[in-house]
Amino acid sequence: MGRTPAISVIVPVYRVEQYIRRCVDSLLSQTFRDFEVLLVDDGSPDGSGKICDSYAASDSRVRVLHKENGGVSSARQYGIDHAVGEYTIHADPDDWTEPELLETLYREAVRTEADIVSCDYVEEFPGRSVLRRQPVPASPRECVRMLLQETLVSTCWLRLVRRRLYTDWGITFPDWMGMWEDMAVVPRLYARAIRVGYVPSALYHYVRNVNPHAVSGDTSFESILKRERAVEILHDSFGDDPELSGSLLYLKLKVRTALILASGGQALLSEALKHYPESDVVIWRHPRLSFYGALCVWLCRLRMVPVAGVLLRARGTFKSMKRKK
């Protein structure tokens, strides 16, 4: 490339030799041409790194960054540190994109002078696809509120972001996070944006339940603990804002309840019950919290954690039986 590209696409790579070609091929097939692809090999022990090198050897738009293993969050930040595009976007190596993704998002960013532009996506399960609409309001502040309430997903692969939002405001991906790193970063990016945009087209395909090495489905105590640490970062940013306190309260309570259930209910229950006395309204009115989720939170607050655990397991079994049918 003879000049600075308009977009840097960052792809963290780790143990994805079965999937990485589909992802990179979809990026190199974009109708938009002014971009670079940064393949961040996070010390992958399989053949993923060599596959990345082969792409770099055959296409000048591809750069490969090899680093010691540090997790997906450190890989994303490594990509940001080496990106040169005016805008950045992330892609997961087991996903793929529509050919018009970059052109559509960039055109909207230029038209509206937006700092962040997002789109819809398709969630790809084995044997079925689900369209996920993610319309955003015009106000960046309202986007922050919706992200904290989880009425918008906080994924960095859905968004074209002006790179200087990261660099000018010192917003970084925590290198100690193996997952939930999006949650810790995306709301803070929106808080610094002046203008935001949205394209009502599903241009990204998010793959679920296929890659055995993916961390997105991890519900262990350790993974949920990292999610709580992400919420602590958000509290440092928004905890003193009275207009966002209710939304942040919901997120804190939901994560703490997941921790209680994942730990068997005893280790953290006494501590958790000291917090969030005004949380009832937030729980019951939240649009993304299902009846079962709200009921489980309520049972936990009544010190009936074992009952909540049984209810969740029964619900999970029932949903599995429906999928098999």
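Residues numbered from 1 in each chain as written. Predicted model: local features only at pLDDT ≥ 70, side-chain atom pairs only at ≥ 80, totals over all residues. Heavy atoms only, no water.

(A) Here's a closer look at the packing of helix α5 (residues 140–148) against helix α7 (residues 181–192). Two numbers describe how α5 lies on α7: the axes approach to 8 Å, and their chain directions differ by 165°. Our classification of the angle between α5 and α7 gives roughly antiparallel. The hand of the α5/α7 crossing is left-handed. Two secondary-structure elements touch here, α5 through Pro 140, Cys 143, Val 144 and Leu 147 and α7 through Val 186, Pro 187, Tyr 190 and Ala 191. Of the residues that constitute the contact of α5 with α7, the class distribution is 8 nonpolar, no polar and no charged. (Axes fitted to C-alpha atoms, helices over the stretch in contact; angles between N-to-C directions. Helix = DSSP H or I, 4+ residues; strand = E, 2+ residues; numbered from the N terminus. Parallel < 35°, antiparallel > 145°, perpendicular 65-115°, else oblique. Left-handed = near helix turned anticlockwise from the far one by under 90°. Contact = heavy atoms within 4.5 Å. Nonpolar A, V, L, I, M, F, W, Y, C, P; charged D, E, K, R; others polar.)

(B) Seen up close, the pairing of strand β6 (residues 116–125). Within β6, 10 of the 10 residues are buried, which leaves the element mostly enclosed by the surrounding structure. Here 3 bridges tie β6 to strand β8 (residues 159–162), and the two strands are oriented antiparallel to one another. If you follow Ile 116 over to β8, its bridge partner there is Val 161. Of the pairings in the sheet, the one linking β6 to strand β9 (residues 196–207) comprises 9 bridges and is parallel in character. For Asp 120, the partnering residue across the bridge sits in β9 and is Ala 202. As judged from the 5 bridges shared by β6 and strand β7 (residues 128–132), these two strands associate in the antiparallel manner. In the sheet register, Tyr 121 faces β7, and the bridge partner there is Arg 132. (Buried < 20%, exposed > 50% of the residue type's maximum accessible area, 1.4 Å probe, protein only. Pairing = 2+ DSSP bridges.)

(C) Broad picture of helix α4 (residues 101–112). Over its 12 residues, α4 extends 17 Å from the first C-alpha to the last, a length consistent with the 16 Å expected when each residue adds 1.5 Å. Buried residues of α4: Leu 101, Leu 102, Leu 105, Tyr 106, Glu 108 and Ala 109, and no others. The buried residues of α4 all sit within an arc of 160° when viewed along its axis, so they share a single face. Along α4, the residues that are exposed and aim more than 90 degrees away from the buried face are Arg 107 and Arg 111. (Expected span 1.5 Å × (residues − 1). Arc of directions from axis to C-beta.)

(D) Here's a closer look at the side chain of Ser 73. For Ser 73, the location among the structural elements is in helix α3 (residues 72–82). If we skip the residues at most four places from it in the chain, Ser 73 touches Phe 173, Pro 174, Asp 175, Met 177 and Glu 181.

(E) Layout of the pattern of salt bridges. Under the definition given, this model contains 17 salt bridges. Of the charged contacts, one joins Glu 36 and Arg 63 as a salt bridge, the two residues approaching to 3.0 Å between their closest N and O atoms. Of this pair, Glu 36 sits in strand β2 (residues 35–42) while Arg 63 sits in strand β3 (residues 62–67); the two residues are 27 residues apart in sequence, bridging distant segments of the chain. As a salt-bridge pair, Arg 227 and Glu 150 come within 2.4 Å of each other at their nearest N and O atoms. Of the two residues, Arg 227 is situated in helix α8 (residues 221–238) and Glu 150 in the loop between α5 and β8; the sequence distance between them amounts to 77 residues. A relative accessible area of 11% means that Arg 227 is categorised as buried. Where salt bridges share partners, they join Arg 76, Asp 92 and Glu 181 into one cluster. (Salt bridge = Lys/Arg side-chain N within 4 Å of Asp/Glu carboxyl O.)

(F) How the structure looks around helix α2 (residues 48–58). Residues Ser 48, Gly 49, Ile 51, Cys 52 and Tyr 55 constitute the buried set of α2. On an axial view of α2, the arc spanned by its buried residues comes to 160°, and they lie on one face. Exposed and facing more than 90 degrees away from the buried side of α2 are Lys 50, Ala 57 and Ser 58. Of the surrounding elements, those touching the buried residues of α2 are β1 (7–13), α1 (20–28), β2 and β3.

(G) Unusual backbone geometry, seen in detail. Of note, the phi angle at Arg 15 is positive, near 50°, even though the residue is not glycine. Relative to the helices and strands, Arg 15 is located in the loop between β1 and α1. Judged by relative accessible area, Arg 15 falls into the partly exposed class, the value being 33%. A positive phi is found at Glu 113, a non-glycine position, where the angle reads about 55°. For Glu 113, the position within the fold is in the loop between α4 and β6.

(H) Quick look at the packing of aromatic side chains. Scanning all chains against the criterion turns up 7 aromatic pairs. Relative to Tyr 106, the ring of Phe 32 has its centre 5.1 Å away and its plane inclined at 50°; by these criteria the two rings are tilted. In this pair, Phe 32 sits in the loop between α1 and β2 while Tyr 106 sits in helix α4, placing the two residues 74 residues apart along the sequence. Residue Phe 32 is classed as buried on the basis of its relative accessible area of 12%. You can call Tyr 106 buried: its relative accessible area is 19%. Taken together, a centroid distance of 5.9 Å and an interplanar angle of 90° make the contact between Tyr 87 and Tyr 106 edge-to-face. (Phe/Tyr/Trp six-rings, centres within 6.5 Å; stacked < 30°, edge-to-face > 60°.)

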